[in-house]
Amino acid sequence: MLFSRTFYLTEVKRQLRNPYTLAFTLAMPIAMYLLFGANAAYADSSAGHGNVAFYVMCSMAAFGAATAMSSICSIAASEVGQGWGRQIAMTPLSIAGYAAVKLVTALSFSALSTAAVFLVGATTGAKADDGWRWAAVAGLILAGGLIFGLFGLGVGLAFNSDSAAALASISITFFGFFGNVFMPLDGVMLDIAHFTPMYGYVALVRWPITEGVLVSGGSDELWVVLLNVLVWTALFAVLTRFGVLRSRRRR
Amino acid sequence: MNTRSTPTEPTASRATQDAPAIEITGLAKGFGGGERRVRAVAGVDLTVGRGEIVALLGPNGAGKTTTIDMLLGLSDPDEGAVEVLGQSPRQAVASGRLSALLQTGGLLSDLTVAETVDVIASFHGARARVTEVMERTGLAPIAKRKVSKCSGGEQQRIKFALALLPDPDVLVLDEPTTGMDVVARRSFWEAMAEEARAGRTIVFATHYLEEAEQFAQRTVVMNRGKIVADGATAELRAALGGRTVTATLPGPVNTVTVGAILDALKQGGLLDGLQATDMQIDASGIMRVRTARSDALAAKLLELGAHDLEIVAPTLETAFTALTQDAGE
């Protein structure tokens, strides 16, 4: 049995009932976009191939997606460790089957977050030069968001408790502030930001608009951004491996 | 009997016709490394036939839960083999023929009762059975309640429902009535009696000796990773032999008077064959003797002036205590 529709629908229902999920993946990105994007005086100035409102919209959608991926994947890991895993081990569901449903659920909320922010953006003056740029950004958000699924998985395995999901979401917010995701950083803070987990991801997401040009001046080369993404993916994989070992020792 | 190599896919006939419900041979498993290695299971052989009802008894640390984990395919043995209905445990679980009520299994607190049952049913392809199973386990009234709001006994009932969903041939229960009050426990065992009548093989681990006595035809006692007794529950009591005679000895209780009484008993041959653990005399003069010759001993004690006589048939509890103590010597 690979994909259980009932399981998927129940998982979606469950997350929709969860106030934290709704707050971090829907309310917060939309609110931040409206605050810093749509209602700012500079909203309609150019940010490259789109206006500033669009730029902020991309950033917030990316944040919402990363939060969705990391929190849902960390919940998945910690609930397996806490006894539910033994319950489903007594059924024909394979590990692949479980992972598939959880991944699709996380991607569904990632997509939901992106769609919600884009909808609000489109109706409040976010503009891009070409239609395809909207699709490109959305694709980058969803594909890149998988990295944070890995992050969430690592956190959930390593810490194995109900608070693991909260830890994951709060970490993402933290990464956001220091990673040039919310407000544009400059000077030393910007230099440091290049090394933080969300920097590469969000820079890549914004690429169809900025092509690397930074709000505070200067620009990034593509390889710098890609390197950040690759390095952090590898580090999250190490975290996950550490988490697997830790969860095995617990048994 | 068979070669114990890694089991390959069994032929259908063996799996469905002649294989016993459970076959465990030479099972062993340890934890920890080096000097601190603990042999939780140290050589267990057990065969359970179809339709049997077996109680698994043992003190904490006896190895029951570790054995059950291996029986269900949740962990791998260091040595030996487990087969359920001629298949590996994982195969038996995947085909819905083996299921369990786990003590250490958990439920998701933010799902409702109905959602939990529905999701697990979907894994088994048994969603058609959800209503029936929820009726049988009394979950229909609390179907919409979140699991976190359910009492311990209600959560046990949910786990029981999950175990029944695949309509299994072999049902394994690990401390199934934990957290249940007397009424809930009684209705649980009534439901289980129904399952037994339907021909299911049932193995249950329990601390409640009354449950083993009332419900299991056969009792397996484990201690320190080994099986120390395995037989018909009724025989286990008889095998211990004898009844316990309790009486209060007469007069002042000191080494002289007690010695005199013991001599009198010895002369009548009434203390022959008794072990040191079979007799206790406490400071207030209460004498307790476990003997096959309870009638004769009682008569002699009364003759010697003892009073407040009591003769009690051994319960499974005394058999259990004796077995686990003896094995530890």
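Nothing here was measured: the structure is a model prediction, and the numbers come from that model. As a convention, each chain's residues are numbered from 1 in the sequence order in which they are written. Going through the entries in the order they are written, you letter the chains from A and number the ligands from 1. The predicted nature of this model means local features are confined to residues of pLDDT at least 70 and side-chain atom pairs, given and counted, to a pLDDT of 80 or more, with totals for whole chains, interfaces and linings taken over all residues.

The next thing to look at is the overall build of chain B. Helix and strand counts for chain B come out as 12 helices and 13 strands. In chain B, the proportion of contacts linking residues at least 24 apart, taken out of those at least 6 apart, comes to 70%. Under the scheme used here, helices are H or I runs from DSSP no shorter than 4 residues and strands are E runs no shorter than 2 residues, and both carry numbers assigned from the N terminus. In this description, a residue-residue contact is defined by the distance between C-beta atoms placed from the backbone, which must lie within 7 Å.

Glancing now at the overall build of chain A. Along the backbone of chain A there are nine helices and zero strands. Along chain A, from the amino end to the carboxyl end, the secondary structure elements read α-α-α-α-α-α-α-α-α. To get the radius of gyration, use the C-alpha atoms; to get the globule rule, take the number of residues to the power 0.38 and multiply by 2.2 Å. Taken over the C-alpha trace, chain A has a radius of gyration of 18 Å; the compact-globule value for 251 residues is 18 Å, and the two agree within 12%. Considered along the principal axes of its C-alpha atoms, chain A spans approximately 60 × 35 × 25 Å. Each residue is classed by its C-beta neighbour count within 10 Å, where at least 20 other C-beta atoms makes it buried, 12 or fewer makes it exposed, and intermediate counts make it partly exposed; the C-beta atoms are placed from backbone geometry. Taking all 251 residues of chain A together, 49% fall into the buried category. Residue pairs at least 24 apart in sequence account for 81% of intrachain contacts in chain A once pairs closer than 6 positions are excluded.

Note on soluble globular proteins: their nonpolar side chains tend to be buried together. Joined through C-beta atoms within 7 Å, a set of buried Ala, Val, Leu, Ile, Met, Phe, Trp, Tyr and Cys residues constitutes a nonpolar core. Y33, M57 and A62 of chain A together with A161 of chain B are the most contacted members of the largest nonpolar core, which has 141 residues in total. In terms of residue count, helix α3 (residues 52-89) of chain A provides more of this core than any other element does, 23 residues in total. If we skip the residues at most four places from it in the chain, Y33 of chain A touches A38, V56, M57, M60, V117, V120 and G121 of chain A. Core analysis: the next-biggest nonpolar cluster, separate from the first, contains 12 residues, A247, L249, L270 and L301 of chain B among them.

With 19 residues of chain A at the interface, the matching set in chain B holds 22 residues. Elements that contribute at least two residues to the side of chain A that touches chain B include exactly α1 (5-16) and α3 of chain A. For this scheme, ten residues count as nonpolar: Ala, Val, Leu, Ile, Met, Phe, Trp, Tyr, Cys and Pro. Four count as charged, namely Asp, Glu, Lys and Arg, and the remainder, Gly too, count as polar. In terms of residue class, the side of chain A that touches chain B is made up of eight nonpolar, seven polar and four charged.

Let us now look at the packing of helix α4 (residues 113-124) of chain B against helix α6 (residues 152-164) of chain B. All names here are of chain B. Comment: axis = line fitted to C-alpha atoms, over the contacting stretch for helices; angle = value between 0 and 180 degrees taken between N-to-C directions. Between α4 and α6, the shortest axis-to-axis distance is 9 Å and the interhelical angle comes to 25°. Put simply, α4 runs roughly parallel to α6. α4 and α6 meet at a crossing whose hand is right-handed. Taking contact as the criterion, the partners of V113, T116, V117 and I120 in α4 are, on α6, I158, A161 and L162. Split into classes, the residues belonging to the contact of α4 with α6 amount to six nonpolar, one polar and no charged. Orientation categories follow fixed angle ranges, with anything under 35 degrees roughly parallel, anything over 145 roughly antiparallel, 65 to 115 roughly perpendicular, and all other angles oblique. Put simply, a crossing is left-handed when the front helix is turned counterclockwise from the back one by less than a right angle, and right-handed when it is turned clockwise.

All names here are of chain B. When DSSP finds at least two bridges between two strands, those strands are taken to pair. Strand order in this open sheet of six strands is β5-β6-β7-β3-β8-β9, and the pairing throughout is mixed. Bordering the open sheet on either side are β5 (98-101) and β9 (226-232), each of which pairs with just one other strand. Each neighbouring strand pair of the sheet contributes to a mean axis angle of 15°, computed without reference to strand direction. Across five bridges, strand β6 (residues 170-174) lies against strand β7 (residues 201-205) in parallel orientation.

All names here are of chain B. Taken together, the eight bridges between strand β1 (residues 22-31) and strand β2 (residues 38-48) define a ladder with antiparallel strand orientation. Considered in β2, the bridge of F31 is made with V38. Here β1 folds back onto β2 in antiparallel fashion, the turn holding six residues, of which G32 has a positive phi close to 80°.

Another aspect to go through is the sheet that holds β2 of chain B. Hydrogen bonding along the main chain pairs the strands of a sheet, whether they run parallel or antiparallel. Residue and element names in this part refer to chain B. The strand order across the open sheet formed by three strands is β2-β1-β4, and the pairing between neighbours is antiparallel. Edge positions in the open sheet fall to β2 and β4 (79-84), since each of these has one partner strand only. For this sheet the average axis-to-axis angle between neighbouring strands, irrespective of direction, equals 20°. Against the sheet, helix α2 (residues 64-71) contacts β1, β2 and β4, and its axis sits at roughly 120° relative to β1.

Per-residue confidence for chain B gives a mean pLDDT of 85, with 89% of residues at or over 70. We note a pTM of 0.79 for the whole complex and an ipTM of 0.84 for its interfaces. Every residue gets a pLDDT, meaning the predictor's confidence in that residue, from 0 to 100.

Along an α-helix, residues three or four apart share an orientation, since each turn contains 3.6 residues. In terms of residue burial, α2 of chain B counts as a mostly covered element, since eight of its eight residues are buried. Restricting attention to buried positions, one finds in α2 of chain B the residues K64, T65, T66, T67, I68, D69, M70 and L71 of chain B.

Moving on, we come to α6 of chain B. What a helix is expected to span follows from its residue count: subtract one and scale by 1.5 Å. Compared with an ideal rise of 1.5 Å per residue, which puts 13 residues at 18 Å, α6 of chain B spans 19 Å between its outermost C-alpha atoms and is within 8% of the ideal. Buried-residue contacts for α6 of chain B involve α3 of chain A together with β5, α4, α5 (130-136) and β6 of chain B.

Attention now goes to the environment of L165 of chain B. Residues and elements named next belong to chain B. Along the chain, the position of L165 falls in the loop between α6 and β6. A tally of 26 C-beta atoms within 10 Å means that L165 is categorised as buried. Residues L165 and R129 lie 36 residues apart in sequence; the distance between their C-alpha atoms is 6.7 Å. Ignoring sequence-local partners within four residues, the contact set of L165 consists of I120, A121, H124, A126, R129 and V133.

Quick look at the packing of α1 of chain A against helix α4 (residues 95-123) of chain A now. Residues and elements named next belong to chain A. Put simply, α1 and α4 touch, their axes get as near as 10 Å, and they point 45° apart. The angle between α1 and α4 places the two elements in the oblique class. α1 and α4 meet at a crossing whose hand is right-handed. Residues F7, Y8, E11, V12 and Q15 of α1 form the contact with α4, whose own contacting residues are V101, V104, T105, S108 and F109. Split into classes, the residues belonging to the contact of α1 with α4 amount to six nonpolar, three polar and one charged.

The next thing to look at is the environment of S95 of chain B. Residue and element names in this part refer to chain B. Topologically, S95 is positioned in the loop between α3 (89-94) and β5. The exposure class assigned to S95 is partly exposed, which follows from the 16 C-beta atoms found within 10 Å. Taking the C-alpha atoms as reference, S95 lies 18 Å from L173; in sequence the two are 78 residues apart.

This next bit is on unusual backbone geometry. All names here are of chain B. Positive phi outside glycine occurs at E175, with the angle close to 50°. With respect to the element layout, E175 can be found in the loop between β6 and α7 (182-197). A positive phi angle, close to 55°, is found at D308, a residue other than glycine. With respect to the helices and strands, the residue D308 is situated in strand β13 (residues 307-312). We classify D308 as exposed; it has 8 C-beta atoms within 10 Å.

Below, the discussion takes up the environment of L46 of chain B. Residue and element names in this part refer to chain B. Here L46 is to be found in strand β2. Measuring from C-alpha to C-alpha, the distance between L46 and L56 comes to 11 Å, with 10 residues separating the pair along the chain. With near-sequence residues (within four places) excluded, L46 lies in contact with I22, I24, V220 and I227.

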